Amino acid sequence: MSSKMMQFVSVPKAMPDKRPAETRRADFREIYEAFEPDRAAQQAARCEQCGIPFCQVHCPLNNNIPDWLRMAAEGRLEEAYELASATNNMPEICGRICPQDRLCEGNCVIEKGFESVTIGAVEKHITDTAFERGWIKPARPTIERPESIGVIGAGPAGLAVADQLRQLGYKVTVYDRYDRVGGLLIYGIPGFKLEKSVVERRARLLADGGVRFELNCEIGRTVTFTELRARHAALFIGTGVYRPRDLSVPGVGLDNIVPALDYLTASNRKGLGDPVPAFDSGALNAAGKRVVVIGGGDTAMDCVRTAVRQGAVSVRCLYRRDRANMPGSVREVAHAEEEGVEFVWQAAPEAFLGDGDVSGVRAVRMRLGAPDATGRQQPEVIPESSFTLEADLVIKALGFDPDDLPGLFDEPALPVTRWGTIRIDWDTMMTSLPGVFAGGDIVRGASLVVWGVRDGRDAAAAIDGYLQAKQGVNTPALAMAS
Ligand code: FAD
Ligand code: SF4
Ligand code: SF4
């Protein structure tokens, strides 16, 4: 093993420099600066090069983390990039926005006494460097195949399947109802976590490699599902989940109580330079307002931090469980607190107050009661504990459910689970409709970018196997990606 490695005893964990909260509150730029090359190498060299790397086991893509860390430590960044990109179609994006504290880094063995290796930041550094130095080239398949594949949805799952299949020489067309590529990467996740130029760079690379994008094309409306099946040898559905969960409390219909994704999409579109009347009119703009965000997941964290940047007078986050039991990333909560967000833990809305426009939220205090069947303690109301928060804008960030896809696609045979997600056979990634595959949030329910990429890779391998088998081609199908 290289003498450079195992530096964790003498070198403390260090992330790239974080911009001061006061500065970053004023813009939508990413909050971390780029790693300086020496520091990235030094941090990579903290890795212990475990025989059984738990970081890799807990990465949904099973990335070969110890090997690319060693190469990064030795300054062999081009080789590190080759390895990192062999298992991940967007390492620079996962390196930025994976909840590493719950995945690779949270399971790094040196985490216990010495704090984990900064895996995500090194992954980002390797791939950003590869882009800067021109090592990343569009797909140039060695053979062109006649079959064409249709991909519905240009989010991470759809982009991963498209990338993989194009590299194998298939003709790939990605359809999206939006006008830009990226799904939630472009219109959901704010720029302070993932700058839009990073997503656009990926999309351009795919287009340069021959992936066709048909945007502003909603399957089920612009083109029927049946027509699409007739156009392509196989289809992949990666349409995500977009139906916001709602509250049923008095006053929920008042003006200025808005769903999180409407709010975030307006902000992202504004940042991209689009005309956004609902932002300009103030309906989806927190400037000068007292904002209350309801929810404790990553979407809620993105809303509170967006509101701060838009110039809200105050931003509060109301969540019914405590800090230790919230679904959002601990790191994101810390960033939000630094930026001036106030968390009101163990509290839930009881009613919205106001006449026309919302003027306040009446909330009750909660405590954690007995665990349910899943073992998670259930919040229960503390009697006579009501209190009121003044608010001019309330953002509901309570999670998402799938839309009615069989209805939209006019395809009653499309199999769905009781949660409305698409049912697939996980061994083949195929639905019970021959040649129709699916993955990402529409199969898993609201999940993570990295799981979308994993599904896209697995589905691409399965589609390749399916088409080869159909043709009677006697070449082994690609092994499932991982
Ligand atoms: P999506 O990204 O939702 O893409 C689906 C695409 O399908 C969209 O472009 C949509 O327009 C298109 N589509 C839908 N229906 C049709 C149709 N009928 N015809 C044509 N196109 C259609 N994950 C993380 O890992 N880290 C984070 O920090 C993080 N932050 C998040 C913040 C927010 C606010 C949200 C909402 C989610 C966040 N996630 C995060 C989750 C992550 O974004 C999703 O898990 C991921 O984007 C799912 O990928 P997907 O490809 O399945 O779907
Ligand atoms: Fe960690 Fe995500 Fe990268 Fe895997 S893809 S190594 S989980 S940051
Ligand atoms: Fe290195 Fe930590 Fe992974 Fe071990 S678990 S190989 S120390 S990054």
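Note that this is a predicted model, so its numbers are computed, not measured.

*Asks:* Could you give me a rundown of the sheet that holds strand β8 (residues 314–318), with the residues and numbers involved?
*Replies:* What the 5 strands build is an open sheet, ordered β6-β14-β7-β8-β9; its pairing is parallel. Each edge of the open sheet is held by one strand with a lone partner, namely β6 (257–259) and β9 (342–344). Taken pair by pair, the neighbouring strands of this sheet meet at an average axis angle of 25°, ignoring direction. Here β6 pairs with strand β14 (residues 393–396) via 3 bridges, running parallel. The residue bridging Val258 from the neighbouring strand is Ile395, located in β14. Strands in contact with helix α15 (residues 298–310) are β7 (290–294), β8, β9 and β14; relative to β8, the strand with the most contacts, it is inclined by about 170°.

*Asks:* Can you tell me about a nonpolar patch on the surface, naming the residues and giving the values?
*Replies:* A cluster of nonpolar side chains, Ile52, Phe54, Val57 and Val109, forms an exposed patch at the surface whose accessible area comes to about 360 Å². Among the secondary structure elements, Val109 is positioned in the loop between α6 (91–97) and α7 (111–114). Relative accessible area serves as the criterion here: at 34%, Val109 is assigned to the partly exposed category.

*Asks:* Explain the site of ligand 2 residue by residue, including any values.
*Replies:* Around ligand 2, a shell composed of 13 residues is seen, among which Cys59, Asn63, Cys98, Cys104 and Glu123 lie nearest. Classifying every residue of the shell around ligand 2 by side-chain character gives 9 nonpolar, 3 polar and 1 charged.

*Asks:* Describe the environment of Ser385, naming the residues involved and giving the relevant values.
*Replies:* Among the structural elements, Ser385 can be located in the loop between β12 (377–381) and β13 (387–390). By relative accessible area, Ser385 is classed as buried at 13%. Between the C-alpha atom of Ser385 and that of Asp403, which follows or precedes it by 18 residues, the distance is 36 Å. At 2.9 Å, the side chain of Ser385 forms a polar contact with the backbone nitrogen of Arg365.

*Asks:* Describe in detail the sheet that holds strand β3 (residues 212–214), supporting the description with residues and values.
*Replies:* Across the sheet, which stays open at both edges, the 5 strands sit in the order β3-β2-β1-β4-β16 with parallel pairing between neighbours. Of all strands in the sheet, those with a lone pairing partner are β3 and β16 (436–438), marking the two edges. Strand after strand, the sheet turns through a mean of 20° between neighbouring axes, direction not considered. Both strand β1 (residues 148–152) and strand β2 (residues 171–175) contribute to a ladder of 5 bridges, which runs parallel. What sits directly across from Ser148, in β2, is Lys171.

*Asks:* Hey, could you go over the domain arrangement of the protein chain for me, with residue numbers and the actual values?
*Replies:* Examined at the domain level, the protein chain breaks down into domain 1 (7–132), domain 2 (148–241 + 402–471) and domain 3 (246–399). Look at where the C-alpha atoms of domain 2 and domain 3 centre, and you get two points 31 Å apart. Counting from both sides, the interface comprises 13 residues of domain 2 and, opposite them, 12 residues of domain 3. Both faces combined, the contact of domain 2 with domain 3 buries some 1,100 Å², and carbon together with sulfur accounts for 55% of it. Counting the surface domain 2 buries against domain 3, the share from its top three residues, Tyr187, Phe192 and Lys193, is 49%. The shortest N-O distance in the salt bridge between Asp302 and Lys193 comes to 3.0 Å. At the boundary of domain 2 and domain 3, one finds 8 residue pairs in polar contact (both at pLDDT 80 or more). Put simply, the parts of the chain that give the side of domain 2 that touches domain 3 at least two residues each are α10 (184–187) and α11 (196–208). For the side of domain 2 that touches domain 3, the residue count by class is 6 nonpolar, 2 polar and 5 charged.

Basis of the calculations
- Residues numbered from 1 in each chain as written.
- Chains lettered and ligands numbered in written order.
- Predicted model: local features only at pLDDT ≥ 70, side-chain atom pairs only at ≥ 80, totals over all residues.
- Heavy atoms only, no water.
- Pairing = 2+ DSSP bridges.
- Helix = DSSP H or I, 4+ residues; strand = E, 2+ residues; numbered from the N terminus.
- Axes fitted to C-alpha atoms, helices over the stretch in contact; angles between N-to-C directions.
- Contact = heavy atoms within 4.5 Å.
- Patch = residues over 30% accessible without salt bridge, like charges linked within 9 Å, V, L, I, M, F, W, Y side chains within 5 Å.
- Areas by Shrake-Rupley, 256 points an atom, 1.4 Å probe, with all protein chains shown as cover.
- Salt bridge = Lys/Arg side-chain N within 4 Å of Asp/Glu carboxyl O.
- Buried < 20%, exposed > 50% of the residue type's maximum accessible area, 1.4 Å probe, protein only.
- Near = heavy atom within 4 Å.
- Nonpolar A, V, L, I, M, F, W, Y, C, P; charged D, E, K, R; others polar.
- Polar contact = N/O pair within 3.5 Å; in protein donor to acceptor, adjacent residues only side chain to side chain.
- Domains from an automatic or database assignment.
- Buried area = accessible area lost by both parts, 1.4 Å probe.

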